[in-house]
Amino acid sequence: MARHAEPTADGPPAHQVRLSARVFGVVQGVGFRYRTMGAAEDLGLTGEVKNLDDGSVALVAEGTGDQVGKLLDWLNSDRAPGRVERVDHSMSDAQGSFRDFRAR
């Protein structure tokens, strides 16, 4: 189920951002996509994660800056499965193109 930004106590919904990331290391064949999907869903994010032919994993996640920051912290932590060597990422405004979070 997709979760949407809720109005804050001060009024409008929190600003939505998009995290685009590429994760390098031993991140295929270790449950990385499905654990990442679970972490993203727990944080209320929408987006997708998929394996790439070069052995890395691509990820797009949308939500509040706080939610996305927590996922980025998780990706760089020992809690992420496999062995993450590097996470290249960028942030931009959310595009609202996802209804939920999926592993492809």
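What you are looking at is a predicted structure, and each value in this text was computed from that prediction instead of being measured.

**Side note on the packing of aromatic side chains**
- In this structure the tally under the stated criterion is zero aromatic pairs.
- When the ring centre of F24 is taken as origin, the NZ or CZ atom of R86, which lies over that ring, is 4.1 Å away.

**Let's talk about helix α1 (residues 32–42)**
- Listing the buried residues of α1 in full gives F32, R33, T36, M37, A39 and A40. The buried residues of α1 occupy an angular sector of 165° when the element is viewed end-on, so they sit on one face.
- Tucked into the core, α1 has its buried residues touching β1 (16–26), β2 (46–51), β3 (57–64), α2 (65–75), β4 (83–93) and β5 (101–103).
- Immediately beyond the C-terminal end of α1, within one or two residues, lies G44, with a positive phi of roughly 80°.

**Considerations on the confidence of the model for the chain**
- Averaged over all residues, the pLDDT of the chain equals 90, while 87% of them reach at least 70.
- In the predicted structure, residues 1–12 sits below a pLDDT of 50 and forms 15 contacts with residues beyond four places in sequence or in another chain.

**Quick word on the pairing of β1**
- Pairing of β1 with β3 involves eight bridges; the strand directions are antiparallel. Considered in β3, the bridge of A21 is made with L59.
- As judged from the ten bridges shared by β1 and β4, these two strands associate in the antiparallel manner. Pairing of L19 across the sheet is with M91, part of β4.

**A short note on the packing of α1 against α2**
- Where α1 contacts α2, the axes come no closer than 10 Å and their chain directions differ by 150°. One element, α1, and the other, α2, form an angle in the roughly antiparallel class. Regarding α1 and α2, the two cross each other, and that crossing is right-handed. Only L71, W74 and L75 of α2 make contact with α1, whose side of the interface consists of F32, R35, T36, A39 and A40.
- In the contact of α1 with α2, the residues fall into six nonpolar, one polar and one charged.

**With respect to the side chain of R18**
- One can find R18 in strand β1.
- Among the residues examined, R18 registers a relative accessible area of 10% and is labelled buried.
- Engagement of the side chain of R18 in a polar contact is seen with the side chain of E62, the distance being 2.6 Å.
- Looking at R18, its side chain comes within polar contact range of the side chain of S97, at 2.9 Å.

**Some points on the environment of H89**
- Considering the arrangement of structural elements, one finds H89 in strand β4.
- You can call H89 partly exposed: its relative accessible area is 41%.
- Residues H89 and L59 lie 30 residues apart in sequence; the distance between their C-alpha atoms is 9.1 Å.
- Residues contacting H89, with those up to four places away along its chain left out, are L19, S20, A21 and L72.

Definitions and limits used
Residues numbered from 1 in each chain as written. Predicted model: local features only at pLDDT ≥ 70, side-chain atom pairs only at ≥ 80, totals over all residues. Heavy atoms only, no water. Phe/Tyr/Trp six-rings, centres within 6.5 Å; stacked < 30°, edge-to-face > 60°. Lys NZ or Arg CZ within 6 Å of the ring centre and 35° of its normal. Buried < 20%, exposed > 50% of the residue type's maximum accessible area, 1.4 Å probe, protein only. Helix = DSSP H or I, 4+ residues; strand = E, 2+ residues; numbered from the N terminus. Arc of directions from axis to C-beta. Contact = heavy atoms within 4.5 Å. pLDDT = per-residue confidence, 0-100. Pairing = 2+ DSSP bridges. Axes fitted to C-alpha atoms, helices over the stretch in contact; angles between N-to-C directions. Parallel < 35°, antiparallel > 145°, perpendicular 65-115°, else oblique. Left-handed = near helix turned anticlockwise from the far one by under 90°. Nonpolar A, V, L, I, M, F, W, Y, C, P; charged D, E, K, R; others polar. Polar contact = N/O pair within 3.5 Å; in protein donor to acceptor, adjacent residues only side chain to side chain.

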